[in-house]
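The primary structure of each chain is shown beneath.
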Amino acid sequence: MNEILMDIESFSSVDLTKAGVYRYAESSDFSVLLFAYSVDGGEVRVVDLACGEEIPADIVAALSDDSVIKWSYNNNFERVSLSNYFGTWFEPGSWRCTMVWAAYLGLPRSLEDVGAVLGLEKQKLSEGRDLIRYFCVPCKPTKANGGRVRNLPEHDMEKWQRFKAYNLRDVEAEMQIQQRLAKFPVPDFVWEEYRQDQEINDCGIGVDMDMVRQAIAMDGRSKAELSAAMRELTELENPNSVQQMKQWLADNGLETDSLDKKAVAGLLKEAPEPLKMVLEFRQQLAKSSVKKYQAMHNAVCTDSRAHGMFKFYGANRTGRYSGKIIQLQNLPQNHIPDLAQARELVKCGDYDALSMLYEDIPDTLSQLIRTAFVPQDGRKFIVADFSAIEARVIAWIAGECWRLKVFEDGGDIYCASASQMFHVPVEKHGVNGHLRQKGKIAELALGYGGSIGALKSMGAVDMGLAEEELQPLVNAWRDSNPNITEFWWDVDHAVKECVKKRMPTETHGIRFSYQSGMLFITLFSGRRLAYVKPRIGENRFGGESVTYMGVGSTKKWERLESYGPKFVENIVQATARDILCYAMQTLKNCSIVAHVHDEIIIEADKRLSVEAVCEQMGRTPPWAKGLLLRADGYSCSFYQKD
């Protein structure tokens, strides 16, 4: 026995979508209903555990045998579920995920969508959702069903047989996917990164549940008080109704088409009292980030840790990680100077003191979300992140020497960029310091071919730049960065030549190749980015562009358009991702509990120093000679932005 491909169906009263598999599978009523498997590509068998059948002993033994590779689609679900079912933890080293394989090749992440894209003969059965709803989640007790809260096989044997067929078909579909993808295997070093991702998810991050419960209670009280105050001021039946509120504002002389966050912020600049107060209350009520406390409450396991927060290859264009459940990737920042005091007031439930010292309760709770994550067992957090990682990577690949010199000298890239653009010295809080902001906006908006639109979307006009300044700013940045600008168009040319002639091309040490209807970009690390069914198309300006099939902004499989600077963005962000993975591998013995973008969070022994972590993290990978990296960090007794 070399490989097992498997799929399970299970029951739990915990909502999987809200809580994640770790919390779902530790529920007291969790059970595995069906276990479908194939050994070494052989016939698929279904073990009906719900009806008393047992998984064969050799299969059970193989689950903890590292010499046998265990495959499934969304492998984390099977591994964690079976670990809980058997009461023995299966380490992730010999477990592989077909979903990761699909994502590595630029395909959709769902089994159903991959089957459709690949045109499989045996696709996932579409009735599965209804069957899962019937057998895998609690049902509502009614007179008709005898008041039961769960459907068992004997309640509808015909449906149960269809459910077994569905379980079997999933394995058949996965087998066909693997056959189709066999010529494009995932490299071993990427599986090693996946293994570490699974270990980080298994470890989880500590959560202060006393604080979380108090925050949820305070948020509820705050919302009730704000709603009551709005009803009193407006005399509206439902002041949360957009329609009613727009009408009330209009009746009081303030017309608006929208009440979204940006529109309300604009209205507040001109609104008289009491309209201004009502809008401020509405702004506070709309603070959705406090819902993260509820997400923590849903997901935290009996060990007071949140597990499974990270999605490997979540962004399949670059291979970067994404978040799930609590979504650590988009936590609000904290700007409260006395963070520890505010946190303590919430933890001890002192609502009156909190409202007296911090008048905007929802905003205060929002800023404290990070602080709910805590180290356990007398340890501390060390938080370290890369300094200007994308700016360093693009300068290194393009050979923009003045930028490399700034990083070598430990300079401020925003000041240096402004100085290069405007030909005057620029110092933060010093000579020509007002130009730093223009340098920063230009750096953030223009590195990947952005123009006036990119500057506007970065808030350039809101920050005080005049419309007529924007095009000169674009021109100045591009003139100051000729090698980066040339890099965009060299990549554009290399991609087009590769797609047109179906021949390998290369520029700046990056290789482009066409194979079996796929465009591959080979990065410095050896990892490849994949673009499905590339072809030459026409852009909206009538020029040539490269299009390929992928998951677009609508979450649908569609033809997407790209060009040189956009491919450069993929290359740079993917390289930054590989650098993060390299750093995490070198720090794998330091108990990494989370990572957010270019930041690593370590639950560290009190003796481990920040300097040691930053020194290790800032080491250049062997495949990136000449790239200057720097990591900065700090230690804390609860998670925060320094």
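Note that this is a predicted model, so its numbers are computed, not measured. (Residues numbered from 1 in each chain as written. Predicted model: local features only at pLDDT ≥ 70, side-chain atom pairs only at ≥ 80, totals over all residues. Heavy atoms only, no water.)

**Section: the overall build of the chain**
Then step 1. A tally of helices and strands in the chain yields 25 helices and 19 strands.
Then step 2. Its C-alpha atoms give the chain a radius of gyration of 27 Å, within 12% of the compact-globule value 26 Å for 642 residues.
Then step 3. With respect to the principal axes defined by its C-alpha atoms, the chain has extents near 80 × 70 × 55 Å.
Then step 4. Burial analysis of the chain (642 residues in total) assigns 52% to the buried set.
Then step 5. Contacts in the chain between residues far apart in sequence, at least 24 positions, make up 65% of those at least 6 positions apart.
Then step 6. Taken as a whole, the chain presents about 28900 Å² of accessible surface, with 49% of it coming from carbon and sulfur.
Then step 7. Averaging the positions of the 76 positive and the 88 negative side-chain charges in the chain gives two centres separated by 3 Å. (Helix = DSSP H or I, 4+ residues; strand = E, 2+ residues; numbered from the N terminus. Rg over C-alpha atoms; globule rule 2.2 N^0.38 Å. Buried < 20%, exposed > 50% of the residue type's maximum accessible area, 1.4 Å probe, protein only. Contact = heavy atoms within 4.5 Å. Areas by Shrake-Rupley, 256 points an atom, 1.4 Å probe, with all protein chains shown as cover. Lys, Arg positive; Asp, Glu negative; His and termini not counted. Charge placed at Lys NZ, Arg CZ, Asp CG, Glu CD.)

**Notes on the pairing of strand β16 (residues 557–562)**
Then step 1. As paired strands, strand β15 (residues 544–551) and β16 are joined by 6 bridges and run antiparallel to one another. Residue pairing for β16: Gly 550 is matched across the bridge by Glu 558.
Then step 2. Counting the residues in the hairpin turn of β15 and β16 gives 5 residues, including Lys 555, whose phi is positive at 70°. (Pairing = 2+ DSSP bridges.)

**Concerning the packing of aromatic side chains**
Then step 1. Here the structure, examined in full by the defined rule, presents 26 aromatic pairs.
Then step 2. Their ring planes at 75° and their centres at 5.6 Å tell us that Phe 312 and Tyr 321 sit as a pair that is edge-to-face.
Then step 3. Note on Tyr 321: relative accessible area 12%, which makes it buried.
Then step 4. Look at Trp 477 and Trp 488: their rings are 6.2 Å apart centre to centre, the planes differ by 10°, and that puts the pair in the stacked class. With a gap of 11 residues between them, Trp 477 in helix α22 (residues 467–480) and Trp 488 in helix α23 (residues 482–501) connect regions that are remote in the sequence. Pair check on accessibility: Trp 477 and Trp 488 agree, each one buried.
Then step 5. By the ring-pair criterion, three or more aromatic residues cluster together here, those being Trp 71, Trp 101, Tyr 104, Trp 191, Tyr 194, Phe 312, Tyr 313 and Tyr 321.
Then step 6. Looking at Lys 159, its charged tip hangs above the ring of Tyr 134, at a distance of 4.0 Å from the centre. (Phe/Tyr/Trp six-rings, centres within 6.5 Å; stacked < 30°, edge-to-face > 60°. Lys NZ or Arg CZ within 6 Å of the ring centre and 35° of its normal.)

**Some remarks on the side chain of Asn 201**
Then step 1. Following the sequence through the fold, Asn 201 ends up in helix α8 (residues 188–203).
Then step 2. One polar contact links the side chain of Asn 201 to the main-chain amide nitrogen of Met 309, over a distance of 3.0 Å.
Then step 3. A polar contact of 3.0 Å, which involves the side chain of Asn 201, links it to the backbone nitrogen of Phe 310.
Then step 4. Apart from residues no more than four positions distant in its own chain, Asn 201 is found in contact with Tyr 22, His 307, Gly 308, Met 309 and Phe 310. (Polar contact = N/O pair within 3.5 Å; in protein donor to acceptor, adjacent residues only side chain to side chain.)

**With respect to the nonpolar core**
Then step 1. Leu 105, Tyr 293 and Phe 373 are the most contacted members of the largest nonpolar core, which totals 148 residues.
Then step 2. Sequence-distant contacts of Phe 373, that is, excluding residues within four places in its chain, are made with Ile 205, Gly 206, Val 207, Met 296, Ile 326, Leu 328, Leu 331, Phe 381, Phe 638 and Tyr 639.
Then step 3. If you look at the next biggest cluster of nonpolar residues, it comprises 26 residues, including Ile 4, Phe 30, Leu 63 and Cys 301. (Core = buried A, V, L, I, M, F, W, Y, C linked by side-chain atoms within 4.5 Å.)

**Examining the environment of Ser 635**
Then step 1. Mapped onto the fold, Ser 635 is located in strand β19 (residues 631–636).
Then step 2. For Ser 635, the contacting residues outside a window of four places in its chain are Lys 380, Phe 381, Ile 382 and Val 610.

**Here we look at the sheet that holds strand β10 (residues 380–386)**
Then step 1. In space, the 4 strands of this open sheet follow the order β17-β18-β10-β19, with antiparallel pairing throughout. Among the strands making up the open sheet, the edge pair consists of β17 (592–596) and β19. The mean inter-strand angle of the sheet, taken between neighbouring strand axes irrespective of direction, is 20°.
Then step 2. Here β17 pairs with strand β18 (residues 599–604) via 4 bridges, running antiparallel. Residue Val 596 lies in a different strand from β18, and its bridge partner there is Glu 599. (Axes fitted to C-alpha atoms, helices over the stretch in contact; angles between N-to-C directions.)

**Digging into the packing of helix α17 (residues 389–398) against helix α18 (residues 401–408)**
Then step 1. At their nearest, the axes of α17 and α18 sit 8 Å apart, and the two run at 135° to each other. The pairing of α17 with α18 is recorded here as oblique in orientation. Classified by chirality, the crossing of α18 by α17 is left-handed. Only Arg 403, Leu 404 and Phe 407 of α18 make contact with α17, whose side of the interface consists of Ala 391, Arg 392, Ala 395 and Trp 396. (Parallel < 35°, antiparallel > 145°, perpendicular 65-115°, else oblique. Left-handed = near helix turned anticlockwise from the far one by under 90°.)

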